[in-house]
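Spelled out, the chains give:
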Amino acid sequence: MLFRSMVDADAIPASWTFITLADKIETEECVAAVPYVASGGQICVYENSPPLKDVDDLQGFHPVNNIGTHCIGYNIKVFDKIQKPYFEYHYTSGHEMLAGEAEDTVLNRKLFQAGVPIYCNFSLWAGHVCSKTCSKPRLLSPFEKMLLLAAQG
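The structure displayed is predicted, hence computed values, not measured ones. Starting afresh in each chain, residues are numbered from 1 along the sequence in its written order. Where local features are concerned, this predicted model is filtered to residues with pLDDT of at least 70; where side-chain atom pairs are given and counted, the filter is 80 or more; whole-chain, interface and lining totals use all residues. As a convention, hydrogens and water are excluded, and side-chain values are obtained from all of the structure's heavy atoms.

Enquirer: Any details on the overall build of the protein chain? Residues and values, ideally.
Expert: In DSSP terms, a helix is any run of H or I states spanning at least four residues, a strand is any run of E spanning at least two, and both are numbered starting from the N terminus. Along the protein chain, the regular secondary structure elements total four helices and eight strands. If you line up the protein chain on its principal axes, its C-alpha atoms span 55 × 45 × 25 Å. Partly exposed describes any residue whose relative accessible area lies between the buried limit of under 20% and the exposed limit of over 50%, with all areas from a 1.4 Å probe on protein chains only and scaled to the type maximum. Within the protein chain, the proportion of its 153 residues that are buried is 36%. Long-range contacts, defined as pairs at least 24 residues apart, comprise 74% of the intrachain contacts of the protein chain with a sequence gap of at least 6. Counting only carbon and sulfur atoms, one obtains 56% of the accessible surface of the protein chain, whose full area is about 8900 Å². Contact definition: two residues touch when any of their heavy atoms are within 4.5 Å. In this description, accessible areas are obtained by the Shrake-Rupley approach with a 1.4 Å probe, and a residue is regarded as covered only by the protein chains that are shown.

Enquirer: So what's going on with the packing of aromatic side chains? Residues and values would help.
Expert: For Phe, Tyr and Trp, where Trp contributes only its six-membered ring, two rings pair if their centres lie within 6.5 Å, and the inter-plane angle classes them as stacked under 30 degrees, edge-to-face over 60, or tilted in between. Across all of its chains, the model carries four aromatic pairs by this definition. On the basis of an interplanar angle of 80 degrees and a centroid distance of 6.5 Å, the ring pair of F61 and Y119 is categorised as edge-to-face. Taken together, the residues F61 in strand β4 (residues 61-64) and Y119 in strand β6 (residues 118-121) connect sequence positions 58 residues apart. We classify F61 as partly exposed; its relative accessible area is 25%. Take Y119: its relative accessible area is 15%, and that puts it in the buried class. Here Y74 and F79 contribute two aromatic rings whose centre-to-centre distance is 5.3 Å and whose plane-to-plane angle is 50 degrees, an arrangement assigned as tilted. With respect to class, Y74 is no different from F79; both count as buried. Three or more aromatic residues link up through ring pairs in this structure, and these residues are Y74, F79 and Y86. Above the face of the F61 ring, K24 is positioned so that its terminal group lies 5.4 Å from the ring centre. It is K24 that lies over the ring of Y119; its NZ or CZ is 4.0 Å from the centre. We call a charge positioned over a ring when the NZ of a Lys or the CZ of an Arg lies within 6 Å of the ring centre and within 35 degrees of the ring normal.

Enquirer: I'd love a proper account of a nonpolar patch on the surface, names of residues and values included.
Expert: Like-charged residues are merged into a patch within 9 Å and nonpolar side chains (Val, Leu, Ile, Met, Phe, Trp, Tyr) within 5 Å, provided each residue has over 30% relative accessible area and no salt bridge. Salt bridges are defined by distance alone: a side-chain nitrogen of Lys or Arg within 4 Å of a carboxyl oxygen of Asp or Glu. On the surface, F143, M146 and L147 cluster together into a nonpolar patch covering about 320 Å² of accessible area. Mapped onto the secondary structure, M146 falls in helix α4 (residues 142-152).

In C-alpha cells:
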C-alpha cells in the first residue's frame, strides 16, 4: 500500500499520530487527518470552522468535508480521482490576492467532491506553534464562566 503523509514544520502531533493515520488509509482509499487550531482560534476542520461545543466530545475518526494538511495522510490512490494541479491557490477575479483559502483547502475540497472520504481523528489533536502555541481548546466550566462574568463587571 502506498500512502503519503505530511506534517507542517509548526505542528506538534502526538507520537502515535502517523501510525493511526497510516492504519486508516491502508484499509480504505481515503484521507485521514487530525484537527488543529489556527493562530486566530479557528478549528481547522470542515469547510467552516466548527464551534468547539460541536466537536469537544468527539473521539476517534469522523467523516468531514474538508480539513487542513497540518498533519495528514493520503492513500495514494485518491489522487487518481482528481485532475492536476492537485494543489492550487484560488485568487480574486483580478488575481491580485488570495481569495481567503490555501492550496490544501482547495485540494481536499476537490477530493471530497470526487467522492473521496475525508476523516478527522478527534482523539489526536495536533499542537500548532504560531506566535503562541495553540493546542486543543476546551470549554469553560460553569465556575470559570461565572468568574469571567464577574471579572467583566
